Amino acid sequence: MPEPALSFIAFVVSLASTAAIHFGDVPDPTSGERTEPNLEGAAQMIEILSLLEAKTKGNLTLEERQLLEQVLYELRLRYVQASAGGKRIVEP
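About the cut-offs
- Residues numbered from 1 in each chain as written.
- Predicted model: local features only at pLDDT ≥ 70, side-chain atom pairs only at ≥ 80, totals over all residues.
- Heavy atoms only, no water.
- Helix = DSSP H or I, 4+ residues; strand = E, 2+ residues; numbered from the N terminus.
- Expected span 1.5 Å × (residues − 1).
- Buried < 20%, exposed > 50% of the residue type's maximum accessible area, 1.4 Å probe, protein only.
- Contact = heavy atoms within 4.5 Å.
- Salt bridge = Lys/Arg side-chain N within 4 Å of Asp/Glu carboxyl O.

### Quick look at helix α1 (residues 8-23)
For an α-helix the count is 3.6 residues per turn, leaving residues at separations of three or four pointing the same way.
Then step 1. Under the 1.5 Å per step criterion, the end-to-end length of α1 is 23 Å for 16 residues, consistent within 8% with the ideal 22 Å.
Then step 2. All buried positions along α1 are accounted for by Phe8, Val12, Leu15, Ala16, Ala19, Ala20, Ile21 and Phe23.
Then step 3. Against the buried residues of α1 lie α2 (39-55) and α3 (62-83).
Then step 4. Following α1 by one or two positions, Gly24 has its phi on the positive side, about 80°.

### As for the pattern of salt bridges
Then step 1. For the structure shown, the criterion picks out 2 salt bridges.
Then step 2. The partner of Arg78 in a salt bridge is Asp25, and the shortest N-O contact between them spans 2.8 Å. Separated by 53 residues along the polypeptide, Arg78 in helix α3 and Asp25 in the loop between α1 and α2 bring together distant segments of the chain.
Then step 3. Salt-bridge contacts for Arg65 lead to Glu69; the nearest nitrogen and oxygen are separated by 3.2 Å. Of the two residues, Arg65 and Glu69 are both situated in helix α3; the distance of 4 residues between them amounts to about one turn of the helix.

In structure tokens, the structure reads:
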């Protein structure tokens, strides 16, 4: 059975999920274990999403733009919380 085509929304969610793994908020899909926060890795995912936002400006649907803006807002907020020693988004 062929895999579905990757959509822009799925791509953004994938990058956001990777950031959540770096924050230690969700288990690594490969090992199934939560990792210690890697703020440098999370920051890199935020930078990638920010670059994507800048490079796609004016070329996204309303839904895509809103999702990207919301994801960036939430990840930036989470980064500030994590930098200050805040709790995980998802507690075990």
